[in-house]
Every structure is written in structure tokens, then in C-alpha cells.
Amino acid sequence: RSSNLSSDEAAYYLPAIERIRGHWPAIDLVNDSLSATAPGYAYGLATVSLLTGSDRLTLRLVNLVVSAGVLCSGWWILRRSGIAPPWFLLPLGLCNFFVKSAGFVVTDNAALLAIALTLGATLFAGGRPGGVVAAGCATLAVAGRQNSVWLLVPLAGKILGRIRAGG
């Protein structure tokens with residue numbers, strides 16, 4: 001069914017994916033982003049589409065899997081941290097915006113996944129490998145939605161904590 005996200009999908013994201021597929025693996029940051037968001041997720045979907053095909057339904061299914069990853073990573077973080085029981089994710093899983101973003105090719109839930117992975121790695125992955133994973137996930141988050149740049153704050157905190165601890 002049509003939604004307020006249908007027009008974004010049709011006007012920005014699907015054409016960007018097709019454009020990128022046309023010259024993959026070349027990167028053209030000036031012309032490949034057809035929306036106000038960074039083109040990282042479009043590059044990712046264009047790459048995946050080389051294996052899966054680029055029809056609308058297939059890309060929506062890929063986006064649905066990414067969205068399920070948000071709930072899975074949130075569940076893991078809540079279980080691991082003990083902050084709250086995993087059922088606290090229920091409002092997110094039932095949220096109108098989250099559900100609609102899972103059903104259309106848009107960047108919102110992909111950015112949420114990268115954010116969740118960044119925070120999970122920042123909180124629970126120790127040492128240099130954990131910092132590298134957290135930084136890589138933050139890079140993916142910003143490449144998909146530039147407003148995820150706030151992730152630099154917890155990453156800086158992790159780095160400063162390691163420096164103070166002598167590691």
C-alpha cells in the first residue's frame with residue numbers, strides 16, 4: 001500500500017540505487033545521492049542488488065531484514081547489559097514509523113541498525129578490536145544518515161577512557 005514513504009522510495013532511493021548499479025563499483029558522491037541523506041545505504045543496497053536483483057520487492061525484503069537486525073541487536077544489547085528486559089523493544093517494534101520504514105526502501109532503520117551496533121560495540125567490545133568495530137559501525141551510520149554523527153561522542157568517551165586507563 002502507498003505511504004508517505006512511497007514517494008521518497010520512488011523519487012530518491014530506488015533511482016539512486018539504479019544509478020549506482022550503472023557505474024558500480026565507481027563512487028560519485030556528487031551525483032549519486034538524490035536525497036538530502038548521505039548515499040551510503042544506497043551504495044550498500046546497490047552492491048547487494050548485484051546478487052539479488054534490484055526490483056522493488058527484493059530491495060524491500062532486504063530492507064526488512066536490515067530492520068529485523070535493529071530488533072535483534074537491541075535485544076542482544078538489552079540482554080547483555082541488563083539495563084532492561086528485552087521486551088522493552090516492543091514499542092519500537094510496533095512503532096508506526098519503524099514498521100513503515102521496514103516496508104519501504106528508506107534509510108531510517110538502516111541507520112538505527114548501525115547506531116545500535118555502534119553502541120553495542122562501544123559498550124561491550126573491549127580493547128582495540130572493539131574500538132575499531134565501533135568506529136566502523138559509526139562510519140556506516142554516518143554514511144547512511146549524516147545526523148548519526150552524534151555517535152562520535154560515545155566513541156570519544158571510549159577513547160578517552162582507554163587513554164586515562166593507560167591502554
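Data block above holds the structure.
Keep in mind that what you see is a predicted model, and the values were worked out from it rather than measured. (Residues numbered from 1 in each chain as written. Predicted model: local features only at pLDDT ≥ 70, side-chain atom pairs only at ≥ 80, totals over all residues. Heavy atoms only, no water.)

Think of it this way: side chains of opposite charge can pair up when their charged atoms draw near. Counted by the stated rule, this structure contains four salt bridges. For Arg-21, the salt bridge identified is with Glu-18, shortest N-O distance 4.0 Å. Here Glu-18 and Arg-21 lie together in helix H1 (residues 4-23), a separation of three residues that amounts to about one turn. Residue classification places Arg-21 among the partly exposed positions, given a relative accessible area of 27%. (Salt bridge = Lys/Arg side-chain N within 4 Å of Asp/Glu carboxyl O. Helix = DSSP H or I, 4+ residues; strand = E, 2+ residues; numbered from the N terminus. Buried < 20%, exposed > 50% of the residue type's maximum accessible area, 1.4 Å probe, protein only.)

Now for the nonpolar core. Core analysis: the largest hydrophobic core is formed by 21 residues, its most contacted members being Ile-17, Leu-45, Leu-59 and Val-105. Of all the elements in the fold, those that place two or more residues in this core are H1, helix H2 (40-52), helix H3 (56-81) and helix H6 (108-124). When residues in this core are grouped by element, the largest group, six residues, is from H1. Grouped together as the second largest cluster of nonpolar side chains are eight residues, Ala-121, Ala-134, Leu-151 and Leu-155 included. (Core = buried A, V, L, I, M, F, W, Y, C linked by side-chain atoms within 4.5 Å.)

What follows is about H3. If you check H3, its first and last C-alpha atoms are 37 Å apart, about what 26 residues at 1.5 Å a residue would give, namely 38 Å. When H3 is considered as a whole, its buried residues turn out to be Thr-58, Leu-59, Val-62, Asn-63, Val-66, Ser-67, Gly-69, Val-70, Ser-73, Gly-74, Ile-77 and Leu-78. Against the buried residues of H3 lie H1, H2, helix H4 (90-94), helix H5 (96-103) and H6. Of the residues flanking the end of H3, it is Gly-82, one or two places downstream, whose phi is positive at about 75°. (Expected span 1.5 Å × (residues − 1). Contact = heavy atoms within 4.5 Å.)

On to the packing of aromatic side chains. Summed over the entire model, instances satisfying the criterion amount to two aromatic pairs. Ring centres 5.6 Å apart and planes at 90° place the aromatic pair Trp-76 and Phe-124 in the edge-to-face group. Residue Trp-76 is found in helix H3, and its partner Phe-124 is found in helix H6; the two are separated by 48 residues along the sequence. By relative accessible area, Trp-76 is classed as partly exposed at 40%. (Phe/Tyr/Trp six-rings, centres within 6.5 Å; stacked < 30°, edge-to-face > 60°.)

When you line up the elements, Ser-49 lands in helix H2. The residues contacting Ser-49, other than those within four sequence positions of it, are Ile-17, Arg-21, Ser-54 and Leu-59.

Turning to its location among the elements, Trp-75 is positioned in helix H3. In this structure Trp-75 comes out as partly exposed when scored by relative accessible area, which is 43%. A C-alpha to C-alpha distance of 34 Å links Trp-75 and Ala-11, two positions 64 residues apart in sequence. Residues in contact with Trp-75, not counting those within four places in the same chain, are Pro-86 and Leu-89.

A few words now on the packing of H6 against helix H8 (residues 152-164). Their axes nearest at 10 Å, the elements H6 and H8 cross at an angle of 15°. In this view, H6 runs roughly parallel relative to H8, as classed from their interaxial angle. The crossing of H6 and H8 is left-handed. Between H6 and H8, the residues in contact are Thr-118, Leu-119, Ala-121 and Thr-122 and Pro-154, Leu-155 and Lys-158, respectively. When the residues that make up the contact of H6 with H8 are grouped by side-chain class, the tally is four nonpolar, two polar and one charged. (Axes fitted to C-alpha atoms, helices over the stretch in contact; angles between N-to-C directions. Parallel < 35°, antiparallel > 145°, perpendicular 65-115°, else oblique. Left-handed = near helix turned anticlockwise from the far one by under 90°. Nonpolar A, V, L, I, M, F, W, Y, C, P; charged D, E, K, R; others polar.)

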